[in-house]
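# Reading the structure
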Amino acid sequence: MTRYMNFFLILFGLLFANNIFAQTDRQHIRLGNKYFRSGAYEKADLEYQKAMSINENNTQAIYNHGCAAMQLGQDSIAVVQFQKAGQAETNKIRKAMAYHNIGVLFHNHQDYANAIEAYKEALRNNPHDDETRYNLELAKRQLKQNQDQNNQNQNQDKNGGQDNNKDKDKNKDNKKEDQNKNQEQKENQDKNKDKQQPQEQQISNDNAERLLDAAVQEEKRTKERLDKAMQQPRRKILQKNW
């Protein structure tokens, strides 16, 4: 009798322990939800993690842990938790909520491509979610705007590079043209100099010839005067007597 009593006590203890175990993760979740609603996100997150440590497959604890991390600004942790919840959850509405939140996180970081994929997955599980559909269309529009802006910037950079090359070529042409003009001016100066030198030389030669002719004529006149003077009688110079 005592042996059977001990057996039943052990069995009852195991069942009671299992019942406490099953209730404990739910209790942590309820307490975490209470903290979450009051804005105590750190305490809420701690309770959700306690629930996960008891039952790692509790998708509600995983999802709520992601929500708390999201409120605390721990976006990378939140994405991981939402992905785990979305993959493990069998309820399509809850699955859609997980992927919706993934889309919001990517959207906030302007990662529109991944946000679009997350929103699409959410709508596959809950096609009637108008909020997700609105976010999807907004992300598509913003992605297109980014792509158009990037294309415009690339075209401007390309055109800017072409304009710079044109300016460089133009500067080269102008520089070459200036060099040609300078060379032409130098050649003209040399030509003018060459022209001026014979003219100056010719003028100098003419002056020399005129001076030479003048000197010859003056010498001729002087000789004539001397010849004439030699032909006249000389006068006697008288000395006065006092």
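See above for the structure.
To start, this report covers the structure provided alongside it. Remember, it's a predicted structure, so these values are computed and weren't measured experimentally.

### Digging into the packing of helix α3 (residues 59–71) against helix α4 (residues 75–88)
Contact geometry of α3 with α4 gives a least axis separation of 8 Å together with a crossing angle of 155°. Looking at the two axes, α3 sits roughly antiparallel to α4. In this structure, the crossing between α3 and α4 has a hand that is left-handed. In this structure, α3 uses T59, I62, Y63, H65, G66, C67, A69 and M70 to contact α4, whose residues at the interface are D75, I77, A78, Q81, F82, K84, A85 and A88.

### Quick word on the packing of helix α2 (residues 41–54) against α3
At a closest axis distance of 9 Å, the pairing of α2 and α3 adopts a crossing angle of 155°. Compared by their axis directions, α2 and α3 come out roughly antiparallel. Classified by chirality, the crossing of α3 by α2 is left-handed. The segment α2 lies against α3, with Y41, D45, Y48, Q49, A51 and M52 engaging A61, I62, N64, H65, A68, A69 and Q71. Partitioning the contact of α2 with α3 into residue classes produces eight nonpolar, four polar and one charged.

### As for the pattern of salt bridges
Applying the stated rule across the entire model yields five salt bridges. Its salt-bridge partner being D148, residue K144 comes within 3.0 Å of it at the nearest N-O pair. Here the residue K144 and the residue D148 both occupy positions in helix α7 (residues 130–231), the gap between them amounting to four residues, near one helical turn.

### Some remarks on unusual backbone geometry
Backbone geometry places Q110, a non-glycine residue, at a positive phi of 60°. With respect to the helices and strands, the residue Q110 is situated in the loop between α5 (92–108) and α6 (112–125). Taking the relative accessible area as the measure of exposure, Q110 reaches 55% and is therefore exposed.

### Focus on the side chain of H100
Take H100: it is sitting in helix α5. Overall, H100 belongs to the buried group, its relative accessible area being 10%. Discounting chain neighbours no more than four positions away, the residues touching H100 are Y119, A122, D129, E131, T132 and N135.

### A closer look at the nonpolar core
By size, the foremost hydrophobic cluster in this structure holds 19 residues, and its most contacted members are A61, Y63, A78, F82, A85, I102 and L105. Residues A115, I116, L136 and A139 belong to the second largest nonpolar core, which totals seven residues.

### Thoughts on the environment of K50
Positionally, K50 belongs in helix α2. Judged by its relative accessible area of 34%, K50 is partly exposed. Considered as a pair, K50 and Q27 are 23 residues apart in the sequence and their alpha carbons are 9.9 Å apart.

### Observations concerning α4
A rise of 1.5 Å per residue sets the reference length of α4, with its 14 residues, at 20 Å; its end C-alpha atoms lie 20 Å apart and thus fit the reference within 8%. Among all positions in α4, only A78, V79, Q81, F82, A85 and G86 are buried. In this fold, the buried residues of α4 make contact with α2, α3 and α5.

### Description of the packing of aromatic side chains
The tally for this structure, following the rule as stated, stands at two aromatic pairs. With a centroid separation of 5.1 Å and 70° between ring planes, the pair formed by F36 and Y41 is classed as edge-to-face. Judged by relative accessible area, Y41 falls into the partly exposed class, the value being 26%. An angle of 55° between the planes, with centres 5.4 Å apart, marks the rings of Y63 and F82 as tilted. Highlighted residues: Y63 in helix α3 and F82 in helix α4, separated in sequence by 19 residues. We classify Y63 as buried; its relative accessible area is 15%. Using a relative accessible area of 0% as the deciding quantity, one classes F82 as buried.

Definitions and limits used
Residues numbered from 1 in each chain as written. Predicted model: local features only at pLDDT ≥ 70, side-chain atom pairs only at ≥ 80, totals over all residues. Heavy atoms only, no water. Axes fitted to C-alpha atoms, helices over the stretch in contact; angles between N-to-C directions. Helix = DSSP H or I, 4+ residues; strand = E, 2+ residues; numbered from the N terminus. Parallel < 35°, antiparallel > 145°, perpendicular 65-115°, else oblique. Left-handed = near helix turned anticlockwise from the far one by under 90°. Contact = heavy atoms within 4.5 Å. Nonpolar A, V, L, I, M, F, W, Y, C, P; charged D, E, K, R; others polar. Salt bridge = Lys/Arg side-chain N within 4 Å of Asp/Glu carboxyl O. Buried < 20%, exposed > 50% of the residue type's maximum accessible area, 1.4 Å probe, protein only. Core = buried A, V, L, I, M, F, W, Y, C linked by side-chain atoms within 4.5 Å. Expected span 1.5 Å × (residues − 1). Phe/Tyr/Trp six-rings, centres within 6.5 Å; stacked < 30°, edge-to-face > 60°.

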